[in-house]
Amino acid sequence: MTSSFGAANSALLVDHQKIQFPAFRGLRSSNSLSLFPRQHSVSVSSYRPSLIRAVATPAKPDSASGTKRSKVEIFKEQSNYIRYPLNEEMLTDAPNINEAATQMIKFHGSYQQYNRDDRGQRNYSFMLRTKNPCGKVSNELYLTMDDLADQFGIGTLRLTTRQTFQLHGVLKKDLKTVMSTIIKNMGSTLGACGDLNRNVLAPAAPFKRKDYLFAQQTAENIAALLTPQSGFYYDVWVDGERVMSAEPPEIVKARNDNSHGTNFSDSPEPIYGTQFLPRKFKIAVTVPTDNSVDILTNDIGVVIVSDNEGEPQGFNIYVGGGMGRTHRLETTFARLGEPLGYVPKEDILYAVKAIVVTQRENGRRDDRKYSRMKYLISSWGIEKFRSIVEHYYGKKFELFHELPEWEFKSYLGWHKQGDGSLFCGLHVDNGRIGGKMKKTLREIIQKYNLSVRLTPNQNIILCDIRNAWKRPITTALAQAGLLQPRYVDPLNITAMACPAFPLCPLAIIEAERGIPDILKRVRDVFEKVGLKYNESVVVRVTGCPNGCARPYMAELGLVGDGPNSYQIWLGGRPNQTSLARSFMDKVKVQDLEKVLEPLFYHWQRRRQSKESFGDFTTRMGFKKLKELVDKWEGPELATSRYNLKLFADKETYEAMDELAKLQNKNAHQLAMEVICNFVKPNGKGE
C-alpha cells in the first residue's frame, strides 16, 4: 500500500535548485514518509518522484534498519485493520481480553478496566465511550443509554469533558449486546478512544444562529471525514451490518481526494492506512468569543470567521494544543495551540485532512509519550509545520484573522433558542448522572420528547422546550436537586474532575470522588480570608498527569502525583487562554489549606481591580508566592482590634465605599490598603 506525492512534490522543487528541511529527530525508517526520506537536502537533478511506502503502512517489521517502534504500532500492524485479535478474544469465556485486544478495543470506543477498590482477584469490566459530535444526543439515544446504564452498567451515566457519555461496569459477556444496541439506536462508540480522531467539540448551545449552526455542522462534517471506513467496528459488533446514514457528497469528495498525495491508494482506510495515527487526535470548532470548548487545548482548533452581516466566510485554524504530560519529565508538557492560518469555508475539510496527514506521516511512533502532534510542532516550529501542511493542502494559508477576547460560556439556566423554543442548561457535578437526578431526567426527556446536548464542562442541556413546559420542568428538576445556576456554588459551576478511582488504571489519587470535599474546603478558606460567596476560581482535579479534566488550564489545578498528594498548578485564566504552571509538588491532601489559605488571603487583599486569581498569581510571581506560603502564620488580626477610626465624616466614608465596591471590597478594606500602601514606601516595608 502506498501514498504518492504526485505533482505537489514537483511543485515544491520547481523554483529551487536545492531545498533543505531541518531534521526532525523522530522516527526515521525505510517505512517512513517525510517529504524527502532519509535525507534533508535534495537536488533537482538527482530527485526522481516515486511512490514511497508510508510509516502508516509498513509492509513488514523492518528489523534490519533497527528502527524502534512502540508495541502498539506492532499490534496495529498485525490487526487486519483493528479486528484481530479482538474478534477472537470476544469468543472466549474469559472475563478479560489479552494485551493486544485491549489496545485494539480502544478504537472501538472501549477500555478494559477493573475495580481497584477490590482486593484479591481482579474483577474486570469495560468502559464504553460514545461519540457525539458537538454533544448532540437524540431522544432515542439518551433513553437507550439510560436503560443500558441500569441493565448492564453501574447504574450511572458519566458526562465527559469531550461532550460524550461514558458507561462504566459493562461485563465482557454483555459487550456485544450493549454495543449493538447503541449502534441500532442512532449512536456510536467508533473512534471515541484509540489512535485516531476523537469526538469533535463544538458549542453545545442550540442557538438558531448562522454562526452556531455552521460551527456545529462543521464539527459533524469533520467527524464524518475522519471516521474509519474499513468496517472493522461493524464486523465485530453487528456482524458486518453497517448502520450508517448517507454522507453529504462534499465529505466523500474530500475524503477520496488524493491530488496532493494524502491518501493510501486502494486502501479500505484511505486516510488512516493500517497504522492509523501515532496517538489520539482532538479537534474543536467554535465561534468567536465562545470558549466553552477550551479551543486552545486541541490538536486542531477551528474558529468561524463571519462577515459584517454574520454570514460565515471561512475559518481561523489553531494547531498544536494538548494536555498530557509525565511527572518529572520536563520533555513532556502541556501546550497551547497556536495560529496556523485562515482558509475559506469551502476548504476546511481539505485543510483539516492535510494537518492530520502531516501528523500521520511525521508524528513519532517509537515512544508514545512524544507521539502527540504538539511535540512535532514544538520540534519543527510552526513555520516548517505550516509548509509541510501546505504541501498536502495544495495551497498557502491566508493570514490569521483578528479575533475578539475569548469568554467561558456555560449556558446554564434558561435561554431562548431563537426559534420560539427554550433550552435549559443543567449543572451536573463532575458529570455523574445517577439516583434521583437520573430518574427525573429520564422522565422529563421521555415525557416531553426532548433531545439533549452534552457540554465540554460535563453538563447537560435540555433542548426544544415549549414555553408552557418551563414551569413544570423547573419544578421537577428542583425536586431532583438540579438547581438553577444562581443556587449552585460558583466554585462548582466551573470545577471539573476526571473519574480516577476506582476504575481508571492510571489514577494515582482520587479526583471525582475527592473534589466535593476539596471544593467545600476551598469555600471554607474563602470565608476565613474574607472572600465573598459570589467570587470564584476555576478548580480542576485529575488523578494523574494525563490531564483529562484539563487541569493545566485551571486557575487552581490539582494533579495527582502520589497516593496522598497533589501537584498544585496556578496561573490559568477564567476564559481558558493561558497555561497554568507547576507551583508545588507533593502537597498532602490534608495540607492543602496551608498552601491555599495564604494564596487566597493575599489575593483578596492585593489584587487589582477585577483581577482574577490566575492573573494575580502570574503577576505576583511564584517566588513571591512561595515566600508568602512559607511565612504564613494565619490571617492578620481584624482591623477592629486596633480600634482605629478611619473616617472623620460620613461623606468620606460613602465616597470610599463607592470606590471599594468597584473592587468587590468594603470601605474599611480599601482604606486600610491605601494607608498600608502609603506607609510601606516610607517605612520598613515588607
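Scroll up to find the structure.
About the thresholds
- Residues numbered from 1 in each chain as written.
- Predicted model: local features only at pLDDT ≥ 70, side-chain atom pairs only at ≥ 80, totals over all residues.
- Heavy atoms only, no water.
- Helix = DSSP H or I, 4+ residues; strand = E, 2+ residues; numbered from the N terminus.
- Buried < 20%, exposed > 50% of the residue type's maximum accessible area, 1.4 Å probe, protein only.
- Pairing = 2+ DSSP bridges.
- Axes fitted to C-alpha atoms, helices over the stretch in contact; angles between N-to-C directions.
- Phe/Tyr/Trp six-rings, centres within 6.5 Å; stacked < 30°, edge-to-face > 60°.
- Parallel < 35°, antiparallel > 145°, perpendicular 65-115°, else oblique.
- Left-handed = near helix turned anticlockwise from the far one by under 90°.
- Contact = heavy atoms within 4.5 Å.
- Lys, Arg positive; Asp, Glu negative; His and termini not counted.
- Salt bridge = Lys/Arg side-chain N within 4 Å of Asp/Glu carboxyl O.
- Disulfide = S-S within 2.5 Å.

(A) Representation of the overall build of the chain within the structure. For the chain, the count of helices and strands is 21 helices and 21 strands. Within the chain, the proportion of its 686 residues that are buried is 58%.

(B) Representation of the sheet that holds strand S10 (residues 312–319) in the model. Taken together, four strands build an open sheet; the order of strands is S8-S9-S10-S11 and the sheet is mixed. At either margin of the open sheet sits one strand with a lone partner, and together these are strand S8 (283–286) and strand S11 (338–344). Ignoring which end each strand starts from, the neighbouring axes of this sheet average 25° apart. Relative to strand S9 (residues 300–306), S8 runs parallel, the two sharing four bridges. Note that in S9 the partner of Thr286 across the bridge is Val303.

(C) Region of interest: the packing of aromatic side chains. Evaluated as defined, the whole model comprises 24 aromatic pairs. Consider the rings of Phe207 and Tyr212, whose centres lie 5.3 Å apart with planes at 85°: the pair is edge-to-face. What makes Phe207 buried here is its relative accessible area of 15%. With a centroid separation of 6.4 Å and 55° between ring planes, the pair formed by Phe600 and Trp603 is classed as tilted. Here Trp603 and Phe600 lie together in helix H17 (residues 592–606), a separation of three residues that amounts to about one turn. We note that Phe600, like Trp603, is buried.

(D) Here's a closer look at the packing of helix H7 (residues 210–225) against helix H10 (residues 348–362). Interhelical geometry of H7 versus H10 gives an angle of 45° and a closest axis separation of 10 Å. Judged by the angle between their axes, H7 and H10 are oblique. Once H7 is placed against H10, the crossing between them reads as right-handed. Residues Thr218, Asn221, Ile222 and Leu225 of H7 form the contact with H10, whose participating residues are Ile348, Leu349, Val352 and Lys353.

(E) Structural detail: the side chain of Lys106. You can see Lys106 is positioned in helix H4 (residues 99–107). Although Lys106 is buried, it forms no salt bridge, and the closest oppositely charged side chain is Asp195 at an N-O distance of 7.2 Å. Apart from residues lying up to four places away in sequence, Lys106 is in contact with Tyr111, Cys193 and Gly194.

(F) The side chain of Gln113, seen in detail. In this structure, Gln113 sits in strand S3 (residues 110–114). Leaving out residues up to four positions away in the same chain, Gln113 has contacts with Asn123, Tyr124, Ser125, Met127, His168, Leu503 and Cys504.

(G) Spatial organisation of the state of the cysteines. All told, the structure shown has zero disulfides when counted by the stated rule. Not part of a disulfide, Cys504 finds its nearest cysteine sulfur in Cys544, a span of 5.8 Å. Owing to a relative accessible area of 24%, Cys504 belongs among the partly exposed residues under this scheme.

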